[in-house]
Amino acid sequence: MEFLYEYGLFLAKAITLVVAIGAIVVIVVASAVKQKSDRGELKLTHLSDELKSLKHHLKAELLGKKAFKAYEKQLKAEQKAHDKALDAGDVKDPKVYVVEFKGGIEAAEVASLREEISAILAIAEEGDEVVASVESGGGMVHGYGLAASQLDRIRSAGLPLTICVDKVAASGGYMMACVADRIIAAPFAIIGSIGVVAQLPNFNKLLKKHDIDYEQHTAGDFKRTLTLFGENTDEGRAKFQQELEETHLLFKDFVGRYRPQLELDKVATGEHWYGQQAIELGLIDEVGTSDDLLLKLASDRTVIKVKYQLRKKLADKLAHSASLMLNACYNKLAEKNRPI
């Protein structure tokens, strides 16, 4: 009995030790995973390989056995010759890095964009280039100003930058697009809207009607120009308008720096145009889609999509969805519901 007692005690201690070690390992691993997920992760997708695989599958379906074997033999010979030329240094293997930016009103997506661009700049070599797909109807000035500055890092590094607009690049979206060496837009993509807008309701009369007092205290004559609940003054309105004009001037200067060929007085009116109209005004350089461009580039280059994904909490996801929904409403308003 004493032996069994000692053995049971030893076994209990051993199990307790194993459980404790296991718990520590789980905590450490969970902490590491949490840190990684909080930071996000970088994902690379070889679009050129996907296109080659698709082409190979279609050939297998469409060609006869004999023709398909001949096709595969030709592919192997071409690949062997290409690899030999690479080893000898006779040819280079230039790469095209692809990023996508679908922006909401606050341009919160710039957090991922900056990581993607930093990764590209860390590995890009001479002869490589970047293609950015931009889709946004604009939003907060400071958010889109930062997003445009991130794209400018690519140009400053000496990498050719092409921006594709398949749907809309208006206001802050165009602020981003104009940074490119070349802008390609689909025929009915919305382009332009080089202007500034601000609007807010005022509930002061409603508060007075119900005998509700509202107090606002500031230090500085123009700490607040217009307010939601206080009584706005002509002086405050004039200052607010002045600030809008100054922001518009900065916007025009920014666009003019990257596209000096534009007649700013003609295009910086806040209006927007479709792609086939925008090319005539010099707002874009070519009419086309991102799909056609990437197919063309993939024929003789390695095309790699770079995507940085952040792990978002439920509240962040809901806020982001609301931002995109508001942005979509803005885009629809920008279209003015024109019939086609």
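- An unreviewed UniProt entry annotates the chain as Inner membrane peptidase originating from Shewanella chilikensis.
- Check the Subcellular location (unreviewed entry) section of the UniProt entry for the chain; it says "Cell membrane".

1. Overview of the sheet that holds strand β7 (residues 190–192)
Hydrogen bonds between backbone groups are what pair the strands of a sheet, and the pairing can be parallel or antiparallel.
Turning to step 1, where the next piece is worked out: Reading across from one edge, β5-β7-β8 is the order of the 3 strands in this open sheet, with mixed pairing throughout. In this open sheet, the two strands that pair with only one neighbour each are β5 (168–170) and β8 (272–274). Strand-to-strand twist in this sheet, taken as the mean axis angle between neighbours without regard to direction, amounts to 30°.
Turning to step 2, where the next piece is worked out: The sheet contact formed by β7 and β8 spans 3 bridges and is antiparallel. Residue pairing for β8: Ile-190 is matched across the bridge by Tyr-274.

2. Re helix α11 (residues 290–298)
Turning to step 1, where the next piece is worked out: Taken as a whole, α11 has its buried residues at Ser-290, Leu-293, Leu-294, Leu-297 and Ala-298. The arc that holds every buried residue of α11, seen down its axis, measures 125°, which confines them to one face. Set apart from the buried face of α11 by more than 90 degrees, the exposed residues are Asp-291, Asp-292 and Lys-296.
Turning to step 2, where the next piece is worked out: In the core, the buried residues of α11 are packed alongside α2 (47–62), β2 (95–102), β3 (129–135), β4 (161–165), β6 (182–185) and β10 (302–309).

3. Comments concerning the sheet that holds strand β9 (residues 286–287)
Turning to step 1, where the next piece is worked out: The strand order β1-β10-β2-β3-β4-β6-β9 describes an open sheet built from 7 strands, whose pairing is mixed. A strand with exactly one partner marks an edge of an open sheet, and here the two such strands are β1 (41–46) and β9.
Turning to step 2, where the next piece is worked out: The sheet contact formed by β2 and β3 spans 7 bridges and is parallel. Bridging from a neighbouring strand, Lys-102 pairs with Glu-135 of β3.
Turning to step 3, where the next piece is worked out: In this fold helix α4 (residues 110–123) packs onto β1, β2, β3 and β10, with an angle of close to 170° to the strand it touches most, β2.
Turning to step 4, where the next piece is worked out: Contacting β2, β3 and β4, helix α5 (residues 141–156) crosses the sheet at an angle of about 140° to β4.

4. Digging into a nonpolar patch on the surface
Turning to step 1, where the next piece is worked out: Taken together, the side chains of Leu-200, Phe-203, Leu-206, Tyr-214, Leu-228 and Phe-229 define a hydrophobic patch exposed on the protein surface, amounting to about 490 Å² of accessible area.
Turning to step 2, where the next piece is worked out: Accessibility expressed as a relative area gives 33% for Phe-229, which makes it partly exposed.

5. Here's the deal with the nonpolar core
Turning to step 1, where the next piece is worked out: Among the nonpolar cores identified, the biggest contains 47 residues, and Leu-151, Leu-161, Ile-163, Tyr-174, Met-176, Ile-191 and Leu-283 are the most heavily contacted of them.
Turning to step 2, where the next piece is worked out: In terms of nonpolar packing, the next biggest core, distinct from the first, is built from 11 residues, Val-96, Val-131, Cys-164 and Leu-293 among them.

6. A word on the pairing of β6
Working note: regular strand, side chains alternate between the two faces of the sheet.
Turning to step 1, where the next piece is worked out: As paired elements, β4 and β6 share 4 bridges and run parallel to each other. Across the sheet, Thr-162 pairs through a bridge with Arg-182, a residue of β6.
Turning to step 2, where the next piece is worked out: Relative to β9, β6 runs parallel, the two being bridged by 2 bridges. When the bridges of β9 are listed, Ile-184 appears paired with Glu-286.

7. Here we look at α4
Each α-helix turn comprises 3.6 residues. Residues three or four places apart therefore point the same way.
Turning to step 1, where the next piece is worked out: Between its terminal C-alpha atoms α4 stretches 20 Å, which fits the 20 Å expected from 14 residues at 1.5 Å a residue.
Turning to step 2, where the next piece is worked out: Along α4, the positions that sit buried rather than exposed are Val-110, Ser-112, Leu-113, Glu-116, Ile-117, Ala-119 and Ile-120.
Turning to step 3, where the next piece is worked out: Contact partners of the buried residues in α4: β1, β2, β3, α5, α6 (172–177) and β10.

What counts and how
- Residues numbered from 1 in each chain as written.
- Predicted model: local features only at pLDDT ≥ 70, side-chain atom pairs only at ≥ 80, totals over all residues.
- Heavy atoms only, no water.
- UniProt positions renumbered as here; feature names shortened; annotations may be inferred.
- Pairing = 2+ DSSP bridges.
- Helix = DSSP H or I, 4+ residues; strand = E, 2+ residues; numbered from the N terminus.
- Axes fitted to C-alpha atoms, helices over the stretch in contact; angles between N-to-C directions.
- Buried < 20%, exposed > 50% of the residue type's maximum accessible area, 1.4 Å probe, protein only.
- Arc of directions from axis to C-beta.
- Contact = heavy atoms within 4.5 Å.
- Patch = residues over 30% accessible without salt bridge, like charges linked within 9 Å, V, L, I, M, F, W, Y side chains within 5 Å.
- Areas by Shrake-Rupley, 256 points an atom, 1.4 Å probe, with all protein chains shown as cover.
- Salt bridge = Lys/Arg side-chain N within 4 Å of Asp/Glu carboxyl O.
- Core = buried A, V, L, I, M, F, W, Y, C linked by side-chain atoms within 4.5 Å.
- Expected span 1.5 Å × (residues − 1).

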